[in-house]
Amino acid sequence: MAYKWDFGVVFSYLHFWLKGLGITLAYSLGTVLGGLLIGVILGMLLLYRRKWLTLPIHIYVEVFRCTPLLVQIVWFYYALPIVLSVELPAWLAAGLGLTLYMGSFSTEIFRGGIISIDKGQWQAARALGMTNVEMMRHIILPQAIKRMVPPFVNQSVIQLKNTSLLYVVAVPDLMYTGSIVVSDTFRPLEVYTSVAVMYFLILYPLTLLASRMAARVDQ
């Protein structure tokens, strides 16, 4: 027999979907902003080229970039409380993992944007007698930010997709909401198709925005 689709069960849980969507967007925005703050601070510190300062930052960046985010979230939820002897709620453990993960990529994006500016720009600014702060504010950062925005938007899009991993620690985001609806309705095909559509409707405009920003930088 042909499968009979029934999306009515999906719409009957509209209030659950809205709550899950709100949590997904809140985690996306919060962890992106937190990661941006980490990236700006650590990216600036990397410019000092003092090994005692930069080595811990490089270790942090490589550890979080080279291990799966799922493992990080699970570790923060189950292992970190053992290490600190303090129980972390699921929302905090998941948010911490996502933020530090985003921060590691943001650090490299910020550092890469700064060092991509031609050395002649740095030398010209120093020849004019500018201080380091003046040079960064008026010469380097205005050019670097244009180059940082496209990769940062791309990473933000990936971060929004990464929030789907929150379900492993029972944070009620879109994916976890979907699993609850499936357990109630036994309609996984309709439910997970709807989840995929919702993610697509959110992410596709952002990917177009990132592509347009990248095109403007290349011009």
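Further up the page is the structure itself.
## As for the overall build of the chain
No. 1: Across its full length, the chain carries nine helices and zero strands.
No. 2: Against the globule reference of 17 Å for 219 residues, the chain gives a C-alpha radius of gyration of 21 Å, more extended than a compact globule.
No. 3: Projecting the C-alpha coordinates of the chain onto the three principal axes gives extents of approximately 75 × 50 × 25 Å.
No. 4: The proportion of buried residues among the 219 residues of the chain is 39%.
No. 5: Within the chain, one finds 16 positive and 10 negative side-chain charges whose respective centroids are separated by 11 Å.

## Details of the packing of helix H4 (residues 69–84) against helix H5 (residues 90–115)
No. 1: Contact geometry of H4 with H5 gives a least axis separation of 9 Å together with a crossing angle of 140 degrees. Here H4 is positioned oblique relative to H5, judged by the angle of their axes. In the crossing of H4 with H5, the sense of the turn from one axis to the other is right-handed. Side by side, H4 and H5 meet where Leu69, Gln72, Ile73, Phe76, Tyr77 and Leu80 of the first sit next to Ala90, Ala93, Ala94, Leu96, Gly97, Leu98, Leu100 and Tyr101 of the second.
No. 2: The residue makeup of the contact of H4 with H5, split by class, is twelve nonpolar, two polar and no charged.

## Here's the deal with helix H8 (residues 174–185)
No. 1: Taking 1.5 Å per residue as the helical rise, H8 with its twelve residues ought to reach 16 Å, and the 16 Å between its terminal C-alpha atoms agrees with that figure.
No. 2: The set of residues buried in H8 consists of Leu174, Thr177, Gly178, Val181, Val182 and Thr185. Angularly, the buried residues of H8 cover 140 degrees about the axis, an arc narrow enough to put them on a single face.
No. 3: Phenylalanine 186 sits one or two positions beyond H8 and adopts a positive phi of about 60 degrees.

## Considering the pattern of salt bridges
Pairing between side chains becomes possible if they bear opposite charge and their charged atoms approach one another.
No. 1: Within the structure shown, the criterion is met by four salt bridges.
No. 2: Of the charged contacts in the structure, one is a salt bridge between arginine 111 and glutamate 108, with a shortest N-O distance of 3.0 Å. Pair noted here: arginine 111 and glutamate 108 are both in helix H5, with a separation of three residues, about one helical turn.
No. 3: Residue class for arginine 111 comes out partly exposed when judged on its relative accessible area of 23%.
No. 4: When salt bridges with common partners are traced through the structure, they connect Glu62, Arg65, Glu108 and Arg111 into a single cluster.

## Brief notes about the environment of alanine 26
No. 1: Its location among the elements puts alanine 26 in helix H2 (residues 14–46).
No. 2: Classification of alanine 26 as partly exposed rests on a relative accessible area of 49%.
No. 3: As for alanine 26 and alanine 2, which are separated by 24 residues in sequence, their C-alpha atoms are 39 Å apart.

## A look at unusual backbone geometry
No. 1: Of note in this structure, serine 85 is not a glycine but carries a positive phi near 60 degrees.
No. 2: Inspection of the secondary structure puts serine 85 in the loop between H4 and H5.
No. 3: The exposed category is assigned to serine 85, whose relative accessible area is 68%.
No. 4: Positive phi outside glycine occurs at phenylalanine 186, with the angle close to 60 degrees.
No. 5: Judged by relative accessible area, which is 67%, phenylalanine 186 ranks as exposed.

## Some points on the environment of lysine 19
No. 1: One can find lysine 19 in helix H2.
No. 2: For the pair lysine 19 and leucine 174, spaced 155 residues apart in sequence, the C-alpha separation works out to 8.2 Å.

## As for the layout of surface pockets
The probe, sized like a water molecule, is rolled over the atoms to show the empty space still left.
No. 1: Approximately 610 Å³ is the volume found for the largest pocket.
No. 2: Leu47, Tyr48, Arg49, Trp122 and Arg126 are, among the 18 residues lining the largest pocket, the residues nearest its centre.

## Details of the packing of H2 against helix H7 (residues 132–162)
No. 1: Two numbers describe how H2 lies on H7: the axes approach to 11 Å, and their chain directions differ by 145 degrees. H2 and H7 meet at a crossing whose hand is right-handed. In this structure, H2 contributes Thr24, Leu25, Ser28, Thr31, Val32, Leu36 and Met44 to the contact, and H7 contributes Met136, Phe152, Ser156, Gln159 and Leu160.
No. 2: Tallied by class, the residues present in the contact of H2 with H7 amount to seven nonpolar, five polar and no charged.

What counts, and at which threshold
- Each chain carries its own residue numbering, running from 1 in the written order of its sequence.
- Side-chain atom pairs in this predicted model are given and counted only at pLDDT of 80 or more, local residue features only at pLDDT of at least 70, and totals for whole chains, interfaces and linings cover all residues.
- No hydrogens and no water enter the side-chain calculation; it runs on all heavy atoms of the structure.
- Starting at the N terminus, helices and strands are each numbered in turn, a helix being any DSSP run of H or I of at least four residues and a strand any DSSP run of E of at least two.
- Radius of gyration: C-alpha atoms only; globule rule: 2.2 Å multiplied by the number of residues to the exponent 0.38.
- Throughout this description, buried means an accessible area under 20% of the type-specific maximum (1.4 Å probe, protein chains only), exposed means over 50%, and partly exposed covers the range between.
- The positive count covers Lys and Arg only, the negative count covers Asp and Glu only, and His and the chain ends enter neither.
- The atoms used to mark charge sites are NZ of Lys, CZ of Arg, CG of Asp and CD of Glu.
- Simply put, an axis is a line fit to the C-alpha atoms, just over the touching stretch for a helix, and the angle between two N-to-C directions goes from 0 to 180 degrees.
- Throughout this description, any angle smaller than 35 degrees is read as roughly parallel, any larger than 145 degrees as roughly antiparallel, any in the 65 to 115 degree range as roughly perpendicular, and the remainder as oblique.
- The sense of a crossing depends on the near helix, which, turned anticlockwise from the far helix by less than a right angle, makes the crossing left-handed and, turned clockwise, makes it right-handed.
- Note on definitions: a residue-residue contact is assigned when non-hydrogen atoms from the two residues lie within 4.5 Å.
- Just so you know the grouping, Ala, Val, Leu, Ile, Met, Phe, Trp, Tyr, Cys and Pro go in nonpolar, Asp, Glu, Lys and Arg go in charged, and all remaining residues, Gly too, go in polar.
- A helix is expected to span 1.5 Å multiplied by its residue count minus one.
- To obtain the arc, one takes the directions from the helix axis to the C-beta atoms.
- A pairing counts as a salt bridge when a side-chain nitrogen of Lys or Arg comes within 4 Å of a carboxyl oxygen of Asp or Glu.
- Using a 1 Å grid laid over the protein atoms alone, points where a 1.4 Å probe fits but cannot get out form a cavity; open sets with protein on both sides within 12 Å along at least 5 of 7 lines form a pocket; any residue with an atom within 4 Å of a point counts as lining.
- Grid points are joined across faces, edges and corners, and a volume is the space filled by probe spheres set on the points.

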